[in-house]
Amino acid sequence: KAESGEEVIIILDKTPFYAEKGGQVGDTGTIEGNGVSCQVLDTQNLTENLIGHKVKIKRGEIKVGEVVKATVDEERRKAIMRAHTATHLLHKALREVLGNHVKQAGSLVLPDRLRFDFTHFETPTEEEISLVERTVYRWILNNYPVKIEEMSYDEALKKGAIALFDEKYGDVVRVVDVGGVSVELCGGTHVERSGDIGFFKIVSESSISSGTRRIEALVGEEAFNYVKEKENLIKDIRKQLQSPEEQIVQKVQKLEEKLKETEKELERAKRKLATLE
């Protein structure tokens, strides 16, 4: 048994919690029973068929054989689902814009944010990244249904499903189909329709090694907050420059020109002063 204040691993005979896998982080939530309350900090696969719940006991003590109620943090799960379905759409958009040679080389799916690594041997242009972003957002607005089916591995490949080269698949696989646009083998959690993702925003694109690049993006509330911060920054700059928003760039250019001219005048004055000495 374990008591209040301790952090332990709990194994349940069945669980609604998703264990970290395929880049998607594990669920959090609560496990409660007769006189005991635990906060679930993380969920991990201990073995192929054994899921461990890392918990902190908030009250009481937990014993083997205890009957408990397991509750997933629903809002966090929804945020993760938004990011995971967006990851699939991003993968497809990259292949559509940059070419079918693009392959997933790793991913991390967090609440309302994602990191996606992919193979590509040159730096995408700003126009290409912008088109990728617009393509994903168009598919979100189209509000495609997300269909999840189990079928044989061969059937999935015939359906056009994308399989990850470093994953091991059994005879029966799980296929996530987003409106026929994106079809991938995946065991993770997803939204019911692409429109549930909400807002999507790419915030960075970079090289992480030769032939491998990384995109980081925000979805849902995180994306909204990011854009709001940029909007507030523009407002602050506009106030400092005392200039309308549409004239900020021109005002900065004029200030740069004025600064350069002032520096030249200062240099001329220094040289003149030196001759007088």
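Below or above, wherever it landed, is the structure these notes cover.

About the thresholds
- Residues numbered from 1 in each chain as written.
- Predicted model: local features only at pLDDT ≥ 70, side-chain atom pairs only at ≥ 80, totals over all residues.
- Heavy atoms only, no water.
- Patch = residues over 30% accessible without salt bridge, like charges linked within 9 Å, V, L, I, M, F, W, Y side chains within 5 Å.
- Areas by Shrake-Rupley, 256 points an atom, 1.4 Å probe, with all protein chains shown as cover.
- Salt bridge = Lys/Arg side-chain N within 4 Å of Asp/Glu carboxyl O.
- Helix = DSSP H or I, 4+ residues; strand = E, 2+ residues; numbered from the N terminus.
- Contact = heavy atoms within 4.5 Å.
- Phe/Tyr/Trp six-rings, centres within 6.5 Å; stacked < 30°, edge-to-face > 60°.
- Buried < 20%, exposed > 50% of the residue type's maximum accessible area, 1.4 Å probe, protein only.
- Expected span 1.5 Å × (residues − 1).
- Arc of directions from axis to C-beta.
- Core = buried A, V, L, I, M, F, W, Y, C linked by side-chain atoms within 4.5 Å.
- Pairing = 2+ DSSP bridges.
- Axes fitted to C-alpha atoms, helices over the stretch in contact; angles between N-to-C directions.

### Quick notes on a nonpolar patch on the surface
Move 1: A cluster of nonpolar side chains, Ile-9, Ile-11, Leu-46 and Leu-50, forms an exposed patch at the surface whose accessible area comes to about 340 Å².
Move 2: Secondary-structure assignment places Leu-46 in strand 4 (residues 36-47).

### Focus: the environment of Ile-197
Move 1: You can see Ile-197 is positioned in the loop between strand 12 (182-185) and strand 13 (200-209).
Move 2: Considered as a pair, Ile-197 and Ala-86 are 111 residues apart in the sequence and their alpha carbons are 6.8 Å apart.
Move 3: If near-sequence neighbours (up to four positions away) are discounted, Ile-197 is found in contact with Arg-82, Thr-85, Ala-86, Leu-89, Ile-140, Val-191, Val-219 and Gly-220.

### As for the packing of aromatic side chains
Move 1: The tally for this structure, following the rule as stated, stands at three aromatic pairs.
Move 2: With centroids separated by 5.8 Å and ring planes inclined at 25°, the aromatic side chains of Tyr-153 and Tyr-169 adopt a geometry described as stacked. With Tyr-153 in helix 3 (residues 153-158) and Tyr-169 in the loop between helix 3 and strand 11 (172-178), this pair connects stretches of sequence that are 16 residues apart.
Move 3: Accessibility expressed as a relative area gives 28% for Tyr-169, which makes it partly exposed.

### Considering helix 2 (residues 126-141)
Move 1: In this model, helix 2 (16 residues) spans 22 Å end to end at C-alpha, consistent with the 22 Å of a helix rising 1.5 Å per residue.
Move 2: Among the residues making up helix 2, those that are buried are Ile-129, Val-132, Glu-133, Thr-135, Val-136, Trp-139 and Ile-140. Down the axis of helix 2, the sector holding all buried residues measures 155°, keeping them to one side. In helix 2, the exposed positions angled more than 90 degrees off the buried face are occupied by Glu-126, Glu-127, Arg-134 and Leu-141.

### What to know about unusual backbone geometry
Move 1: Although it is not a glycine, Asn-143 adopts a positive phi angle of roughly 55°.
Move 2: Relative to the helices and strands, Asn-143 is located in the loop between helix 2 and strand 10 (146-152).
Move 3: Backbone geometry places Gln-242, a non-glycine residue, at a positive phi of 50°.
Move 4: With respect to the helices and strands, Gln-242 occurs in the loop between helix 4 (220-241) and helix 5 (248-276).
Move 5: A residue is classified by how much of its surface remains accessible, and Gln-242, at 72% relative accessible area, is exposed.

### A few points about the nonpolar core
Move 1: Ranked by size, the top nonpolar core spans 33 residues in total, and within it Leu-90, Leu-94, Leu-114, Phe-200 and Ile-202 carry the most contacts.
Move 2: Secondary structure elements with two or more residues in this core: helix 1 (74-98), strand 9 (113-119), helix 2, strand 11, strand 13 and strand 14 (212-219).
Move 3: Looking at this core element by element, the count peaks at ten residues for helix 1.
Move 4: Apart from the residues lying within four places of it in its own chain, the contact partners of Leu-94 are Gly-99, Val-102, Phe-116, Phe-118, Val-132 and Ile-215.
Move 5: Formed by 13 residues, the second largest nonpolar core is a distinct cluster that contains Leu-12, Val-36, Val-40 and Ile-57.

### Details of the sheet that holds strand 3 (residues 29-33)
As a general point, the strands of a sheet are linked pairwise by backbone hydrogen bonds and lie either parallel or antiparallel.
Move 1: Spatial ordering of the open sheet is given by 2-5-4-3-7, a layout of five strands whose pairing is antiparallel. Edge positions in the open sheet fall to strand 2 (7-10) and strand 7 (68-72), since each of these has one partner strand only. Across the sheet, the mean angle separating the axes of adjacent strands is 35° when strand polarity is ignored.
Move 2: Note: strand 3 against strand 4, five bridges, orientation antiparallel. Within strand 4, the position partnered with Gly-33 by the bridge is Val-36.

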